[in-house]
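# Summary of structural features
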There are 2 protein chains.
Amino acid sequence: MTAAISIPAPKPFPLAQRMSRMKASAVREILKVAERPDVLSFAGGLPAPELFPVEAIAQAHAEVFAEEGRAALQYSTTEGYGPLREWICAHLARQGQHATTDQVLITNGSQQGIDLVAKVMLDPGDVVVVENPSYLAALQTFSGYEASYAVVGSDDQGMRVDELEGLLRGARKPKLIYLVPNFQNPKGTTLSLERRHALVRFAQRHRILILEDNPYGELRFRGEHLPSLASLDKEGVVVSLGTFSKTLAPGLRIGWAAGPKELVRTLTVVKQSADLHTATVAQRATARLLSRFDYYANLEKLRAVYGERCQSMLTSLEKHMPEGTRWTQPDGGMFLWVELPRGMSADTLFPIALEKRVAFVPGAPFFASEPRTEFMRLNFSNRPPELIEEGMRRLGAVIAAQK
Amino acid sequence: MTAAISIPAPKPFPLAQRMSRMKASAVREILKVAERPDVLSFAGGLPAPELFPVEAIAQAHAEVFAEEGRAALQYSTTEGYGPLREWICAHLARQGQHATTDQVLITNGSQQGIDLVAKVMLDPGDVVVVENPSYLAALQTFSGYEASYAVVGSDDQGMRVDELEGLLRGARKPKLIYLVPNFQNPKGTTLSLERRHALVRFAQRHRILILEDNPYGELRFRGEHLPSLASLDKEGVVVSLGTFSKTLAPGLRIGWAAGPKELVRTLTVVKQSADLHTATVAQRATARLLSRFDYYANLEKLRAVYGERCQSMLTSLEKHMPEGTRWTQPDGGMFLWVELPRGMSADTLFPIALEKRVAFVPGAPFFASEPRTEFMRLNFSNRPPELIEEGMRRLGAVIAAQK
């Protein structure tokens, strides 16, 4: 009885203008279908749950409740829990990025960092520079603030920084440059050192804020660590976003934004009106965990497993993909990007692949303008090698049948 | 060495227009000062931490990690954890509000619900109807979306609903009516039954969305429960916000928005771009707790203690306040509202009170327009009766000395 919908479908209310640009994401629907248990899905962006340090996290929570239960369950400051911010500062310092605790704001994952920066910076029509393709959920956020896009290309070295000067000939000076420099979502490619220097110089010269979104940087399994944009900048033109979602567990929803003090203070004011603060329990448990859990040894484990899975996917692609199919060669992260043989569409392929019980994300929604349909994103972090092999076998057969 | 600020104070970036209306709240600074350990503060809006069911919450977390650790630490859906939404539906049904799970979105406390509704509904200049005075952090949120306000009065029966028709003669039809119907923040007053009916009829007739913010409704310690606006509405003109922050613990940051299905779906799209989802751990632990913890018996405990504290404050005010001071008589919640003797300003009083080691929140920032300085908000939930008595003694002396 109580389950009956007693509120009839209402006449729609007039919504804010921005909502015309915030449709339910097609990818959301794709992910729902792809997670059918009979489907081998490489669509989601999920870390490997078998690597979550469940016991250590459980222990940290138990201690927090036993020793500081009331404080952990009370309201807390918008800025975030001091000891957690101190750990993050020390962590950033290891990578050459020097920030004090008042330059760090705790967020609900790095997605909230994107939202807060967008809210602080963007009026309708303001220009955001993004790569083509770019992280889908960042595009949705910017669109929610009615941004317009200046799109630059990307190649195997990441964002085509050489195209940036040309953008300044446009009508409006960009307000923000958004990128994922390491093992980009969706491509898996990494911005080269030379381009990092050039990008920071460009942003400094023209005083344009860089939003450096770095959820995957610590998941490097090949090659040398490259300095973050924030660590190359001494003029305060970078806000960097980090998260524990890929290195500890996403279900905690703990990320951070680090940047110039004044801007972080402004982000804090905006976060206060957005949700007051991030969960006190999760912040204190994470801080306690980090105070003695070997985060860096755990990272090595993640890197080894993700490296093996990536290699397994690369080997399987080589073995099973028909001629004319190409893909990126990530040095870290969770994704690679496949270009289908000429004339083939990932959108057309998707339902056929699903019938053969394999799934991916079609690439079109990752393009801020002029969507292209010949790409797909594959996730390699969430399945063991034998299932990756089997999945690529199925996918290869589907593609070959379309040629 | 690493503590040195290596990023110099930057030339400010041009921020979004909305930021001119989102200054750091003065109350934020007041609360920081007021929480000095030597000060008896009635300024904060804190529930009593000694009533948090710490052990039951700890136990629920321990079980979640032991039995469903990987799922609890993984990404989850934006809508929120199914069993938690089912509990909320059953909870609302007890109060005559019938909602299905697809009419409920889990949020990071009810503050996020305010933000999401504002983002979905408000273009710059859009009119929000608010009481005078109104919940401060809601005003900050609406201002962040560059709303304008239509202000209606409030008396001991809550919002002056009879003033609403007059507002329609204004240039712009309101988009949203925001109110806290039960034990309002800051006044502690409650909307009468007659006005509830009239308000819902008004909103239905003119098709204006009501945002019913109800964080305190379950904390009634005197009088009869009044039906929620949502329970009186069969035409889908109410979005109601609820939270576990006052009935379990705020540090979990779990709240919800319930309303017409289509609108809740839209709120979900916006939440996805804001922070993907609310922490999986906290949602699953809360659901597990609620599956066998006696939430309603616990509420009775809270009501008894808060009722005692409120009574203690009322008695102490009677005893210690000089003539000409008046205050509200709440039937529940956490706050009451004091009107100072004629000509006295709470802003002027604040630093003097602080010297005498007692603190409150001056009332001015709760007014959406034409701030008035003769009011203060007092919280009675966070201190035991003997400290309330001592605090009111100090405060009475400070006020008497100013007369």
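As recorded in an unreviewed UniProt entry, chain A goes by PLP-dependent aminotransferase family protein and comes from Archangium lansingense. Taken verbatim from the UniProt record of chain A, the Cofactor (unreviewed entry) comment is "pyridoxal 5'-phosphate".

Relating one copy of the chain to the other requires a rotation about an axis plus a shift along that axis. For the pair chain A and chain B, the relating rotation is 180°, the translation along its axis is 0.0 Å, and the fit reaches an RMSD of 0.0 Å. Given the turn and translation reported, the copies of this chain are related as if by a two-fold rotation axis. Taking C-alpha positions as reference, the residue of chain A nearest the rotation axis is A62 of chain A, located at 3.5 Å. Comparing interface residues between copies, 100% of those in chain A also sit at the interface in chain B, which points to an isologous, same-surface contact.

Turning to the pattern of salt bridges, a few remarks are in order. Residue and element names in this part refer to chain A. Throughout the structure, instances matching the rule amount to 50 salt bridges over all chains. One salt bridge connects D331 with R222, and the closest N-O pair in it is separated by 3.0 Å. With D331 in the loop between β11 (326-327) and β12 (335-339) and R222 in the loop between β8 (209-213) and α8 (229-232), the pair connects residues that are 109 residues apart, well separated along the chain. Ionic contacts of the salt-bridge type, sharing partners, join the residues E63, E67, E68, R284, R288 and R292 into one network.

Further remarks concern the UniProt feature "domain: Aminotransferase class I/classII large" (unreviewed entry) in chain A. UniProt records the feature "domain: Aminotransferase class I/classII large" (unreviewed entry) for residues 51-395 of chain A in the present numbering. Between the end C-alpha atoms of residues 51-395 of chain A there is a gap of 26 Å, over a span that is 43% helix and 15% strand.

Each partner contributes residues to the interface: chain A has 92 residues there, and chain B has 92 residues. For the pairing of chain A and chain B, the buried interface totals around 7900 Å² over both sides, and the portion due to carbon and sulfur atoms is 62%. Looking at the side of chain A facing chain B, the largest losses of area belong to F13, L73 and Y75 of chain A, adding up to 9% of the total buried there. Our enumeration of links across chain A and chain B arrives at 4 salt bridges. When the shortest N-O distance is used, the salt bridge between D115 of chain A and K119 of chain B registers 3.2 Å. Counting every contact that joins chain A to chain B gives 35 residue pairs in polar contact (both at pLDDT 80 or more).

Before going further, it helps to examine empty space enclosed by the protein. All chains considered together, the criterion is met by 12 cavities of 30 Å³ or more. In this structure, the largest cavity spans a volume of roughly 140 Å³. Around the largest cavity sit 16 residues that line it, and L92, Q95, N214, L241 and W256 of chain A are the ones nearest its centre. Counting only elements with at least two residues in the lining of the largest cavity, the list comes to α3 (82-94) and β9 (238-243) of chain A. Per element, the largest residue contribution to the lining of the largest cavity is 4 residues, and it comes from β9 of chain A. Of the residues in the lining of the largest cavity, the class split is 5 nonpolar, 9 polar and 2 charged. Put simply, the second largest cavity is a space of about 80 Å³. Lining the second largest cavity are 13 residues, and of these N108 and A279 of chain A together with N108, R253 and A279 of chain B sit closest to its centre.

This paragraph deals with the packing of aromatic side chains. In the structure shown here, the tally under the stated rule is 28 aromatic pairs over all chains. Between F221 of chain B and F380 of chain B the ring centres are 6.0 Å apart and the planes differ by 70°, which places this aromatic pair in the edge-to-face class. You can see F221 of chain B sitting in the loop between β8 (209-213) and α8 (229-232) and its partner F380 of chain B sitting in the loop between β15 (375-379) and α13 (385-402), a full 159 residues away along the chain. Judged by relative accessible area, F380 of chain B falls into the buried class, the value being 0%. Aromatic ring contacts, followed pair by pair, group W87, F244, W256, Y295 and Y296 of chain A into a single cluster. Over the face of the ring belonging to Y296 of chain A we find R94 of chain A, whose NZ or CZ atom lies 3.3 Å from the ring centre.

Residues and elements named next belong to chain A. Here chain A is partitioned into domain 1 (22-52 + 297-402) and domain 2 (67-290). Inter-centroid distance (C-alpha atoms) of domain 1 to domain 2 is 25 Å. The interface of domain 1 with domain 2 comprises 32 residues on the first partner and 28 residues on the second. Between domain 1 and domain 2 lies a buried interface of about 2600 Å² when both sides are counted; carbon and sulfur atoms form 65% of it. Area buried by domain 1 at its contact with domain 2 is led by D331, F366 and A368, which between them contribute 23% of it. At the boundary of domain 1 and domain 2, one finds 1 salt bridge. Counting every contact that joins domain 1 to domain 2 gives 11 residue pairs in polar contact (both at pLDDT 80 or more).

All right, on to the sheet that holds strand β7 (residues 176-179) of chain B then. All names here are of chain B. Spatially, the 7 strands line up as an open sheet ordered β2-β10-β9-β8-β7-β3-β4, and their pairing is mixed. Looking at which strands have only one partner, the edges of the open sheet turn out to be β2 (104-107) and β4 (148-152). Averaged over all neighbouring strand pairs, the angle between strand axes comes to 20°, with direction disregarded. Examined bridge by bridge, strand β9 (residues 238-243) and strand β10 (residues 255-258) share 4 bridges and lie antiparallel to one another. Bridging from a neighbouring strand, G242 pairs with W256 of β10. On top of the sheet, helix α3 (residues 82-94) reaches β2 and β10; it is set at about 115° to β2, its chief contact.

A few words on the packing of helix α11 (residues 295-320) of chain B against α13 of chain B. Residue and element names in this part refer to chain B. The contact between α11 and α13 brings their axes to 9 Å, and the two run at 30°. With respect to α13, the axis of α11 lies roughly parallel. For the pair α11 and α13, the crossing hand works out as right-handed. For the pair α11 and α13, contact is made by E308, R309, S312, M313, S316, L317, K319 and H320 and by P385, I388, E389, M392, R393 and G396, respectively.

This brings us to the pairing of β15 of chain B. All names here are of chain B. Buried residues dominate β15, accounting for 5 of its 5 residues. Taking every second residue as pointing to the same face, both faces of β15 are buried, with F375, R377 and N379 on one and M376 and L378 on the other. Inspection of the sheet shows strand β12 (residues 335-339) paired to β15 by 5 bridges, in the antiparallel sense. Bridge assignment links F335 to a residue of β15, and that residue is N379. As paired elements, strand β14 (residues 361-362) and β15 share 2 bridges and run antiparallel to each other. The residue bridging P362 from the neighbouring strand is M376, located in β15.

Another aspect to go through is helix α5 (residues 136-144) of chain B. Most of α5 of chain B is tucked away, with 9 of its 9 residues classed as buried. For α5 of chain B, the set of buried residues is L136, A137, A138, L139, Q140, T141, F142, S143 and G144 of chain B.

Among the nonpolar cores identified, the biggest contains 191 residues, and F142, Y178 and F244 of chain A together with F142, Y178 and F244 of chain B are the most heavily contacted of them. Setting aside anything within four residues of it in sequence, one finds F244 of chain A in contact with L84, W87, I88, A249, I254, W256, T286, L290 and Y295 of chain A.

The next subject is the environment of C310 of chain B. Residues and elements named next belong to chain B. Here C310 is to be found in helix α11. Residue class for C310 comes out buried when judged on its relative accessible area of 1%. When residues no more than four places from it in sequence are discounted, the contact partners of C310 are F221, P330 and F380.

What counts, and at which threshold
Residues numbered from 1 in each chain as written. Chains lettered and ligands numbered in written order. Predicted model: local features only at pLDDT ≥ 70, side-chain atom pairs only at ≥ 80, totals over all residues. Heavy atoms only, no water. UniProt positions renumbered as here; feature names shortened; annotations may be inferred. Least-squares fit on C-alpha atoms with pLDDT ≥ 70 in both. Contact = heavy atoms within 4.5 Å. Salt bridge = Lys/Arg side-chain N within 4 Å of Asp/Glu carboxyl O. Helix = DSSP H or I, 4+ residues; strand = E, 2+ residues; numbered from the N terminus. Buried area = accessible area lost by both parts, 1.4 Å probe. Polar contact = N/O pair within 3.5 Å; in protein donor to acceptor, adjacent residues only side chain to side chain. 1 Å grid on protein atoms, 1.4 Å probe; cavity = no way out; pocket = protein on both sides within 12 Å on 5 of 7 lines; lining within 4 Å. Points joined across faces, edges and corners; volume = space filled by probe spheres on them. Nonpolar A, V, L, I, M, F, W, Y, C, P; charged D, E, K, R; others polar. Phe/Tyr/Trp six-rings, centres within 6.5 Å; stacked < 30°, edge-to-face > 60°. Buried < 20%, exposed > 50% of the residue type's maximum accessible area, 1.4 Å probe, protein only. Lys NZ or Arg CZ within 6 Å of the ring centre and 35° of its normal. Domains from an automatic or database assignment. Pairing = 2+ DSSP bridges. Axes fitted to C-alpha atoms, helices over the stretch in contact; angles between N-to-C directions. Parallel < 35°, antiparallel > 145°, perpendicular 65-115°, else oblique. Left-handed = near helix turned anticlockwise from the far one by under 90°. Core = buried A, V, L, I, M, F, W, Y, C linked by side-chain atoms within 4.5 Å.

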